Amino acid sequence: MSPSASDKNRDGASAPLYGLVLAGGRSTRMGQDKAALKYHGASQVDWAMKLVAPYVERAFLSVRSDQAHDPVRSQHEQIVDTREDLGPIAGILAAQARFPDAAWLVLACDLPFLDAATLEYLLRTRRPERLATAFRSSHDGLPEPLCAIYEPASRKPLIDHVESGKQCPRKFLIQSDVELLDEPNPRALDNVNTPQEHGDALGALGAQPAPRNGVQPAQQSGNLEITVQYFALLREQARRRDEPVSTRAQTPAELYEELRARHSFTLPASALRVAVNSEFAEWSRPLSKGDVVVFIPPVAGG
Amino acid sequence: MRFFRFSHEPIDCAALRREMQDPACGGYAAFEGWVRNQNEGREVQRLEYEAFEPLAIKEGERILATAAERYGVQRLACVHRIGSLALGDVAVWVGASSPHRNEAFLACREVIDEVKHRLPIWKKEHYVDGDSGWVNCERCGEPAHHEHSHVEHR
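Residue numbers restart at each chain and count upward from 1, following the sequence in its written direction. Chain letters and ligand numbers both follow the written order, the letters beginning at A and the numbers at 1. With the structure being a predicted model, the display of local features is reserved for residues of pLDDT at least 70 and the display and counting of side-chain atom pairs for 80 or more, all residues being used for whole-chain, interface and lining totals. To obtain the side-chain values, all non-hydrogen atoms of the structure were included, while hydrogens and water were left out.

Participant: When you look at the confidence of the model for chain B in this model, what are you seeing that I'm missing?
Facilitator: Summing up the model confidence of chain B, the mean pLDDT is 90 and the portion of residues at 70 or higher is 90%. Predicted complex metrics record ipTM = 0.87 and pTM = 0.66. What pLDDT reports is the predictor's confidence in each residue, on a scale of 0 through 100.

Right, dumping it as structure tokens:
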């Protein structure tokens, strides 16, 4: 554990961490600029820059040269792509070229469900001695390249990847020595590409009517939209890793009885524990919209 | 220095041991949990481990912090394997180094005990006869078999 001076320069642990929000996409499927879409009362670009700021020494917006002066992008410090038509990997390369000694927390700007807890988890479990730390997609198990930390040592292999004619950052992560993490919130990295998905996201975030003076809008349907993740025996019996649930249950206890009937779970609630948003919780805790609930079957580590 | 990690690849105990070396320490204790060939009278062929990693890592870090403070050990770490394991594979590794041996032994023991009982990690046994089952889960649906260590914990 005594790296030589030259090793030290390449050691991600001692590198400054910078943020890079990718906003250079062409938004072809959306039909309008995704960076300007509003979700949380701010454009997606402003919101993503604000989200990343507390965790990095400096934050930059990655843009194409023809986008640098548009009003949504021009108010942020930018790194302009030097290669055309390479997609998001061009943004990462340009950032690494400008600050080769930095590690980069790279985020796409079309992740409206991304939350601080997910970023904090990524930072806490980061392995700076590997080329990158990224999440495993909750949909297909493959690495998610656009919410990840790229260490300084990843620069050379990324250049080689592009030189060899490949431009898919996901493929790069699949083939490289990277640390892959499970998402604490399986919806956090859902991206938004079409007007339909944009509408769905606004609905899920409860964004349509701006909250009026703190008055809670009356619960129209009485149903809560939450996500349930399954592990081990429950995963096998439910035949899925997670599912969105619209429920009238007010507590995890009520929710489990509902899902037990739906999926014919053999385990009684008395054999389980429950976690809400990645912390152990009480069975009687009130559920809120957007909660991620995990029922924990009897454990057997070691 | 403390860390709790999951590993989806075989655990390299020699490399981990090097991370525990410390000039201020005169004692190092390690525990390795191995996959054995039988459990509760059935012949086991292989195992699968699965974890709710975000919560398990947080809880694992809490276990390490508590033990490190209680025993004053210098370095304390744990790595748990995930995925498919063969007989003899290392399923879990705990290492502790401290100025004197007693604290290293005690911290190591506390960590493995707590990890087994508190962390959301599950083990599926595949038996030689072709059957398989999740350890501690398969008989829970039957009445009067609810004595699971994790339920007693906080």
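Participant: Just to check I follow, could you spell out the packing of aromatic side chains for this structure?
Facilitator: Two rings from Phe, Tyr or Trp (for Trp, the six-membered ring) form a pair when their centres are within 6.5 Å of each other. A pair whose planes differ by under 30 degrees is stacked, one over 60 is edge-to-face, and the rest are tilted. Taken as a whole and judged by the stated rule, the model has 15 aromatic pairs over all chains. Residues Y256(A) and W283(A) carry aromatic rings whose centres are separated by 6.4 Å and whose planes lie at 70° to one another, so their mutual orientation is edge-to-face. Note that Y256(A) is positioned in helix 9 (residues 252–263) and W283(A) in the loop between strand 11 (279–281) and strand 12 (292–296), a separation of 27 residues in sequence. Here Y256(A) falls in the buried class, since its relative accessible area comes to 0%. Per-residue accessibility, obtained with a 1.4 Å probe over protein chains only, is compared with the maximum for each type, and a residue is labelled buried under 20%, exposed over 50%, and partly exposed between these values. A relative accessible area of 22% places W283(A) in the partly exposed class. Taken together through their ring pairs, the aromatic side chains of Y230(A), Y256(A), F265(A), W283(A) and F295(A) make up a single cluster. Look at NZ for Lys and CZ for Arg. If either is within 6 Å of the ring centre and within 35 degrees of the ring normal, a charge sits over the ring. Lying across the ring of Y18(A), R58(A) places its NZ or CZ 5.9 Å from the centre. In this arrangement the basic side chain of R5(B) is found over the ring face of F3(B), its NZ or CZ atom lying 3.9 Å from the centre. Helix numbering and strand numbering both begin at the N terminus, where a helix is a DSSP run of H or I of at least 4 residues and a strand a DSSP run of E of at least 2.

Participant: What is the right way to read the interface of chain B and chain A from this model?
Facilitator: Often, the extent of an interface is quoted as the loss of accessible area on bringing the components together. Only heavy atoms matter for contacts: two residues are in contact if any of them lie within 4.5 Å across the pair. Taken together, the contact between chain B and chain A spans 42 residues of the former and 37 residues of the latter. Here the quantity called buried area is the accessible surface, traced with a 1.4 Å probe, that two parts lose on coming together, added over both. When chain B packs against chain A, close to 3,400 Å² is buried across both sides, 56% of that on carbon and sulfur atoms. What makes a salt bridge here is a side-chain nitrogen of Lys or Arg within 4 Å of a carboxyl oxygen of Asp or Glu, nothing more. Inspection of the chain B/chain A interface yields six salt bridges. When the shortest N-O distance is used, the salt bridge between R235(A) and E50(B) registers 2.5 Å. Between N or O atoms, a polar contact is any pair within 3.5 Å; within protein, one atom must be a potential hydrogen donor and the other a potential acceptor, and residues adjacent in sequence are included only when both atoms are from side chains. Across the contact surface, chain B and chain A share 15 residue pairs in polar contact (both at pLDDT 80 or more). Mapped onto the side of chain B that touches chain A, the elements with two or more residues apiece are strand 1 (2–7), helix 1 (13–20), strand 4 (42–51), helix 2 (53–71), helix 3 (101–118), strand 8 (121–127) and helix 4 (149–152) of chain B. Examining the composition of the side of chain B that touches chain A, we find that eight residues originate from one element, helix 2 of chain B, more than from any other. For this classification, Asp, Glu, Lys and Arg are treated as charged, while Ala, Val, Leu, Ile, Met, Phe, Trp, Tyr, Cys and Pro are nonpolar and the rest, including Gly, are polar. Here the side of chain B that touches chain A is built from residues that sort into 17 nonpolar, nine polar and 16 charged.

Participant: I tried to follow the sheet that holds strand 9 (residues 242–247) of chain A on my own but got confused; where do I start?
Facilitator: Working definition: the strands of a sheet are paired by backbone hydrogen bonds and lie parallel or antiparallel to each other. Residue and element names in this part refer to chain A. Only strands joined by at least two bridges in the DSSP assignment are considered to pair. Taken in spatial order, the five strands line up as 9-8-12-10-11 in an open sheet, and their pairing is mixed. Of all the strands in the sheet, the pair left with one neighbour each is strand 9 and strand 11. Sheet twist, expressed as the mean angle between neighbouring strand axes with direction ignored, is 35°. When strand 10 (residues 273–276) meets strand 12, the two strands line up antiparallel, connected through four bridges. In the strand pairing of strand 12, R273 is matched with I296. In this fold helix 9 packs onto strand 8 (224–229), strand 9, strand 10 and strand 12, with an angle of close to 115° to the strand it touches most, strand 9. In this analysis, axes come from line fits to C-alpha atoms, helices being fitted only over the stretch in contact, and the angle between any two N-to-C directions falls in the range 0 to 180 degrees.

Participant: Before we go on, may I ask you to explain the sheet that holds strand 3 (residues 78–80) of chain A in this structure?
Facilitator: Residue and element names in this part refer to chain A. Read across the open sheet, the seven strands follow the order 3-2-1-4-6-5-7; overall the sheet is mixed. One side of each edge strand has no neighbouring strand; the edge strands of this open sheet are strand 3 and strand 7 (178–182). Pairwise comparison of adjacent strand axes, ignoring direction, gives a mean angle of 30° for this sheet. Of the strand pairs in this sheet, strand 2 (residues 58–63) and strand 3 are connected by three bridges, and their pairing is parallel. Its bridge partner being in strand 3, L61 is matched across the sheet by Q78.

Participant: In this structure, what is going on with unusual backbone geometry? I would like to understand it.
Facilitator: Most peptide bonds take the trans form, and the phi angle of most residues other than glycine is negative. Residue and element names in this part refer to chain A. Positive phi values are uncommon outside glycine, yet D85 reaches one of about 60°. Here D85 shows up in the loop between strand 3 and helix 3 (88–98). When its relative accessible area of 59% is taken as the criterion, D85 is described as exposed.

Participant: Explain the layout of surface pockets to me, please; I cannot follow it from the model alone.
Facilitator: In this approach, a probe sized like a water molecule rolls over the atoms, and the result shows the empty space that is left. Residues and elements named next belong to chain A. Computed over the protein atoms alone on a 1 Å grid, cavities are sets of points where a 1.4 Å probe fits but cannot get out and pockets are open sets with protein on both sides within 12 Å along at least five of seven lines; a residue lines them when it has an atom within 4 Å of a point. Grid points are joined across faces, edges and corners, and a volume is the space filled by probe spheres set on the points. The space that makes up the second largest pocket amounts to roughly 930 Å³. If you go around the second largest pocket, you meet 43 residues; those closest to its centre are G25, K34, P88, D110 and L146. Every element with two or more residues in the lining of the second largest pocket is listed here: helix 3 and strand 6 (143–150). Here the lining of the second largest pocket gets four residues from one element, more than from any other, and that element is strand 6.

Participant: How should the pairing of strand 4 of chain B be read in this particular structure?
Facilitator: Residues in a regular strand project their side chains so that they alternate between the two faces of the sheet. Residue and element names in this part refer to chain B. Alignment of strand 3 (residues 38–39) against strand 4, held across two bridges, turns out to be antiparallel. If you follow Q38 over to strand 4, its bridge partner there is E43. Count of turn residues in the strand 3/strand 4 antiparallel hairpin: two residues, of which E40 carries a positive phi of about 45°. Where strand 4 meets strand 8, seven bridges bridge the pair, whose relative direction is antiparallel. Within strand 8, the position partnered with E50 by the bridge is W122. By the bridge criterion, four bridges tie strand 4 to strand 6 (residues 83–86) in an arrangement that is antiparallel. Directly across from L47, in strand 6, lies its bridge partner L85.

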